[in-house]
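# Commentary on secondary and tertiary structure
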Amino acid sequence: ARRQLSASTISPSSWSRSPTESHAWLIKTGSDILTCAGKIHTDLASGFIKGDVVSFDDYMSCHNFNDCRSKGVARLVDADYILQPGEVIEIRAKT
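Residues numbered from 1 in each chain as written. Predicted model: local features only at pLDDT ≥ 70, side-chain atom pairs only at ≥ 80, totals over all residues. Heavy atoms only, no water.

## As for the overall build of the chain
Tallying secondary structure elements over the chain gives four helices and five strands in all. Starting at the N terminus, the α and β elements of the chain follow one another as β-β-α-α-β-α-α-β-β. Across the 95 residues of the chain, 37% fall into the buried class. Element-wise, carbon and sulfur atoms account for 53% of the exposed surface of the chain, whose accessible area totals about 5,400 Å². (Helix = DSSP H or I, 4+ residues; strand = E, 2+ residues; numbered from the N terminus. Buried < 20%, exposed > 50% of the residue type's maximum accessible area, 1.4 Å probe, protein only. Areas by Shrake-Rupley, 256 points an atom, 1.4 Å probe, with all protein chains shown as cover.)

Structure representation (structure tokens):
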């Protein structure tokens with residue numbers, strides 16, 4: 001399975017995608033990728049392995065995560081990675 005609140009501490013920070021859709025998730029600024037995974041679906045948080053992260057602009061240039069990885073613009077991150085505004089994520093999880 002792969003996936004991704006407004007006051008001054010809350011901002012639209014991440015994008016997720018699947019083969020059939022892309023979705024913007026609003027998460028609290030300073031949230032880690034594990035917290036974001038849990039907002040998308042609790043199974044993604046409980047089975048979290050790693051996350052792939054790429055900037056929105058790089059993702060739009062490459063069009064998919066496989067191209068992002070082959071061009072070296074995607075980063076593999078652990079559960080404590082703090083998401084930055086405008087990132088697209090792909091969650092690797094045991095389901």
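## Examining the nonpolar core
Within the largest apolar cluster, 14 residues are counted, with the highest numbers of intra-cluster contacts made by I33, L83, I89 and I91. Mapped onto this core, the elements with two or more residues apiece are α1 (33–40), β3 (48–55) and β5 (87–93). No other element matches the four residues that α1 contributes to this core. If we ignore the near neighbours within four places in the chain, the residues touching I33 are F48, G51, V53, V77, D78, A79, Y81, L83, I89 and I91. F65, C68, A74 and V88 belong to the second-largest nonpolar core, a separate cluster that totals seven residues. (Core = buried A, V, L, I, M, F, W, Y, C linked by side-chain atoms within 4.5 Å. Contact = heavy atoms within 4.5 Å.)

## Regarding α1
Taken as a whole, α1 has its buried residues at I33, C36, A37 and I40. One side of α1 carries all its buried residues, which in axial view fall inside an arc of 105 degrees. Sitting at the amino-terminal end of α1 is D32, which places a side-chain oxygen 3.1 Å from the backbone nitrogen of L34. (Arc of directions from axis to C-beta. Polar contact = N/O pair within 3.5 Å; in protein donor to acceptor, adjacent residues only side chain to side chain.)

## Notes on the environment of G47
Along the polypeptide, G47 turns up in the loop between α2 (42–46) and β3. For the pair G47 and T95, spaced 48 residues apart in sequence, the C-alpha separation works out to 6.2 Å. Other than its neighbours up to four places away in sequence, G47 contacts R92, A93 and K94.

## So, the packing of aromatic side chains
Applying the stated criterion to the full structure yields one aromatic pair. With 5.5 Å between their ring centres and 50 degrees between their planes, Y59 and F65 make a pair best called tilted. Across the pair, exposure class does not vary: Y59 and F65 are buried alike. (Phe/Tyr/Trp six-rings, centres within 6.5 Å; stacked < 30°, edge-to-face > 60°.)

So far we have only geometry, and geometry alone does not tell us how the molecule works.
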